[in-house]
Amino acid sequence: MSAYTFLADFAIMSLLLVVAQFIRAHVKVIQKLLLPSSVVAGLIGLLTGPQFLGVLPLSEHASSYSGVLIVVLFASLFIGTESKGSFKKTMSEAGDTFLLNSAVYFGQYGFALLLGGVFMALCYPAVNVGFSLLMPGGFIGGHGTAATFGRAFEELSGWDEAQTIGQTFATIGILSGVIFGTMCINVATKKKATRFITEASSLPDSMLTGLIHPTEQDSIGRATVHSMSLDPLAWHLSLVLIAAGAGYIITNCLTGLFPGISIPMFSVAMLCGVAVQFVLRLFKLTDYVDREVVSKIGNSTTDYLVGFAVASIKVSVVIKYAVPLLVLSLIGLAFVFGYLLLVSQRLFHNFWFERGIFIFGWSTGVAAIGVTLLRVVDPNLRSKTLEDYGMAYVFMSFIEIGLIAILPSLVVSGYQFVAGAVCMVIFLILLGINAKIYGVFKGKCSDLRPGEAEILAQK
């Protein structure tokens, strides 16, 4: 592959992202489905690419870019981060949010590995054991985690179909989250379970079209170095690519030294990002790194990652695995519906539906879907759902990243059901701790809970 092939592929995907954003801004159906522009771009690339119309000349290397971009994304996760608050403070102010949001990770993975694993073992014993893990990877992790798992299974066991299956689950998850989440909101308003609206309200235009009005636009970060010396974006990008490159080199060295052990490159790159942050602290340079800029680099990487991953979906593989894809998706939906109706309704100390529908959204796609559904039922964010989640996520992120890093290796090594059982035990423990601390609400879904009346009385 030449450098110009690389340039041409990224230029084509850039064009698709711009076209997709234009479509999102003007096509009502796409707005109602709340499809991210990166997914729309990927679908256009799939339709116009070599598998169908053959109009856009995406090279045969396009399917490999997602694996590289994952390394860059994970390299950026800890660069520029600073400790915020303490675990004790988080538990005192947003304890049930931390416990119940953390439980979703373990519950969905455990549910899929056990129930989905049994289904796959009985009905499709010849299929790679990692199939059942790809569903929660796509649902609760979105396209980024799905691509990460796909890459991990390709590296660990040579299963090149995993990428397509993971991206299919992620697309199903996002569509399901929006469609079924909206249905849940409509039912909840009729049952008087919502506290701030009596009927489903419309979202702001910026969330529908993806275009922010000039009067509401914010800066995406700070210039921490002078452009006469080095452009601020180049400075931040350099830090990320140092970690990504180090991850690549170290992984290759470890593979050479221990050929029998396969370590996912993204995990090593993440640790290299931690090392870069440590060096920045050591030399007192943290004031010259803006986390917002680093996050934007990671988010931009994700947009291209999703675009290439969806555009590279092998339709023949989707058709081949249509039945297990459907069954595992139904298992995933059963879990998120059950969590909303049985766990969120009984265990959240207040504003159960607002907090529960947020979990429903992000555990079927990405946090953005959860925020979107939350804005429908809590337009002014008075329930503190998002504020509590932001505080809790400082610690939840370690759980998420840890599960992403270790589960593929455990599954490939034959510990699928052990990992699933451990996840379910932790899931139940977290629910038990929450019930012990905050109690179990036994009233009707429409009954007010402690503290709600005071907040509703505020203007």
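Shown above is the structure to which this text applies.
Residues numbered from 1 in each chain as written. Predicted model: local features only at pLDDT ≥ 70, side-chain atom pairs only at ≥ 80, totals over all residues. Heavy atoms only, no water.

## Some thoughts on the overall build of the protein chain
Then, number 1: Scanning the protein chain from terminus to terminus reveals 19 helices and 0 strands.
Then, number 2: C-alpha atoms of the protein chain, sized along the principal axes, occupy 65 × 60 × 45 Å.
Then, number 3: Across the 459 residues of the protein chain, 51% fall into the buried class.
Then, number 4: Taking the contacts inside the protein chain whose residues are at least 6 apart along the sequence as the reference set, 80% of them involve residues at least 24 apart.
Then, number 5: Total accessible area computed for the protein chain in this model is approximately 21200 Å², and 68% of it derives from carbon and sulfur atoms.
Then, number 6: Of the charged side chains in the protein chain, 28 are positive and 26 negative; the average position of the first set lies 9 Å away from that of the second. (Helix = DSSP H or I, 4+ residues; strand = E, 2+ residues; numbered from the N terminus. Buried < 20%, exposed > 50% of the residue type's maximum accessible area, 1.4 Å probe, protein only. Contact = heavy atoms within 4.5 Å. Areas by Shrake-Rupley, 256 points an atom, 1.4 Å probe, with all protein chains shown as cover. Lys, Arg positive; Asp, Glu negative; His and termini not counted. Charge placed at Lys NZ, Arg CZ, Asp CG, Glu CD.)

## Overview of the pattern of salt bridges
Then, number 1: Inspection of the entire model under this criterion finds 5 salt bridges.
Then, number 2: One salt bridge in this structure joins Asp 290 and Arg 222, with 3.9 Å as the shortest N-O distance. Residue Asp 290 is found in the loop between helix H11 (265–282) and helix H12 (291–311), and its partner Arg 222 is found in the loop between helix H9 (205–209) and helix H10 (232–257); the two are separated by 68 residues along the sequence.
Then, number 3: Overall, Asp 290 belongs to the buried group, its relative accessible area being 6%.
Then, number 4: Overall, the relative accessible area of 48% leaves Arg 222 in the partly exposed class. (Salt bridge = Lys/Arg side-chain N within 4 Å of Asp/Glu carboxyl O.)

## Observations concerning the side chain of Thr 194
Then, number 1: Tracing the chain through its elements places Thr 194 in the loop between helix H8 (162–190) and H9.
Then, number 2: Judged by its relative accessible area of 8%, Thr 194 falls in the buried class.
Then, number 3: Here Ile 197 takes part through its backbone oxygen, which lies 2.9 Å from a polar atom of the side chain of Thr 194.
Then, number 4: If we ignore the near neighbours within four places in the chain, the residues touching Thr 194 are Ala 188, Thr 189, Phe 353, Glu 354 and Val 377. (Polar contact = N/O pair within 3.5 Å; in protein donor to acceptor, adjacent residues only side chain to side chain.)

## Overview of the packing of aromatic side chains
Then, number 1: Under the definition given, this model contains 25 aromatic pairs.
Then, number 2: Taking the centre distance of 5.8 Å and the plane angle of 75° together, the rings of Phe 180 and Phe 337 count as edge-to-face. Highlighted residues: Phe 180 in helix H8 and Phe 337 in helix H14 (residues 322–347), separated in sequence by 157 residues.
Then, number 3: By way of ring pairs, the aromatic residues Phe 6, Phe 10, Tyr 65, Tyr 304 and Phe 308 are connected into one cluster. (Phe/Tyr/Trp six-rings, centres within 6.5 Å; stacked < 30°, edge-to-face > 60°.)

## With respect to the state of the cysteines
Disulfide: a covalent bond connecting the sulfur atoms of a pair of cysteines.
Then, number 1: Evaluated as defined, the whole model comprises 0 disulfides.
Then, number 2: Unpaired in terms of disulfides, Cys 253 finds its nearest cysteine sulfur in Cys 272, a separation of 11 Å.
Then, number 3: The class for Cys 253 is partly exposed, based on a relative accessible area of 44%. (Disulfide = S-S within 2.5 Å.)

## Focus: the nonpolar core
Then, number 1: Judged by nonpolar contacts, the single largest core of 108 residues is most densely connected at Phe 131 and Tyr 339.
Then, number 2: In terms of residue count, helix H5 (residues 87–123) provides more of this core than any other element does, 13 residues in total.
Then, number 3: Beyond its immediate chain neighbours, meaning those up to four positions away, Phe 131 contacts Met 120, Trp 159, Ile 165, Phe 169, Tyr 321, Pro 324, Leu 325 and Leu 328.
Then, number 4: Core analysis: the next-biggest nonpolar cluster, separate from the first, contains 19 residues, Val 71, Val 72, Val 240 and Cys 272 among them. (Core = buried A, V, L, I, M, F, W, Y, C linked by side-chain atoms within 4.5 Å.)

## Looking at the environment of Ala 322
Then, number 1: Here Ala 322 lies in helix H14.
Then, number 2: Taking the C-alpha atoms as reference, Ala 322 lies 9.7 Å from Ile 165; in sequence the two are 157 residues apart.

## Observations regarding the packing of helix H4 (residues 65–75) against H11
Then, number 1: At a closest axis distance of 7 Å, the pairing of H4 and H11 adopts a crossing angle of 30°. In terms of orientation, H4 and H11 fall into the roughly parallel class. Helix-helix and strand crossings are classified by hand; for H4 and H11 the assignment is right-handed. Facing Ile 70, Val 71, Phe 74 and Ala 75 of H4, the residues of H11 in contact are Met 265, Phe 266, Ala 269, Met 270 and Gly 273.
Then, number 2: In terms of residue class, the contact of H4 with H11 is built from 8 nonpolar, 1 polar and no charged. (Axes fitted to C-alpha atoms, helices over the stretch in contact; angles between N-to-C directions. Parallel < 35°, antiparallel > 145°, perpendicular 65-115°, else oblique. Left-handed = near helix turned anticlockwise from the far one by under 90°. Nonpolar A, V, L, I, M, F, W, Y, C, P; charged D, E, K, R; others polar.)

## Focus: unusual backbone geometry
Then, number 1: If you check the backbone angles, Phe 351 has positive phi at about 45° while not being a glycine.
Then, number 2: The buried category is assigned to Phe 351, whose relative accessible area is 0%.
Then, number 3: With a phi close to 55°, Leu 381 is a non-glycine residue in the positive phi region.
Then, number 4: Structurally, Leu 381 is set in the loop between helix H16 (367–377) and helix H17 (385–412).
Then, number 5: Residue classification places Leu 381 among the partly exposed residues on the basis of a relative accessible area of 34%.

## Quick word on a nonpolar patch on the surface
Then, number 1: Side chains of Phe 278, Val 279, Leu 282, Phe 283, Leu 285 and Tyr 288 sit close together on the surface and give an oily, nonpolar patch of about 620 Å² of accessible area.
Then, number 2: Here Val 279 is to be found in helix H11. (Patch = residues over 30% accessible without salt bridge, like charges linked within 9 Å, V, L, I, M, F, W, Y side chains within 5 Å.)

## Structural notes on H11
Then, number 1: The end-to-end C-alpha separation of H11 is 26 Å, in line with the 26 Å expected for 18 residues at 1.5 Å each.
Then, number 2: Buried within H11 we find Met 265, Phe 266, Ser 267, Val 268, Ala 269, Met 270, Cys 272, Gly 273, Val 276, Gln 277 and Leu 280.
Then, number 3: Elements in contact with the buried residues of H11: H4, helix H7 (142–157), H10 and H17.
Then, number 4: Backbone geometry just downstream of H11 places Lys 284 in the positive-phi region, at approximately 55°. (Expected span 1.5 Å × (residues − 1).)

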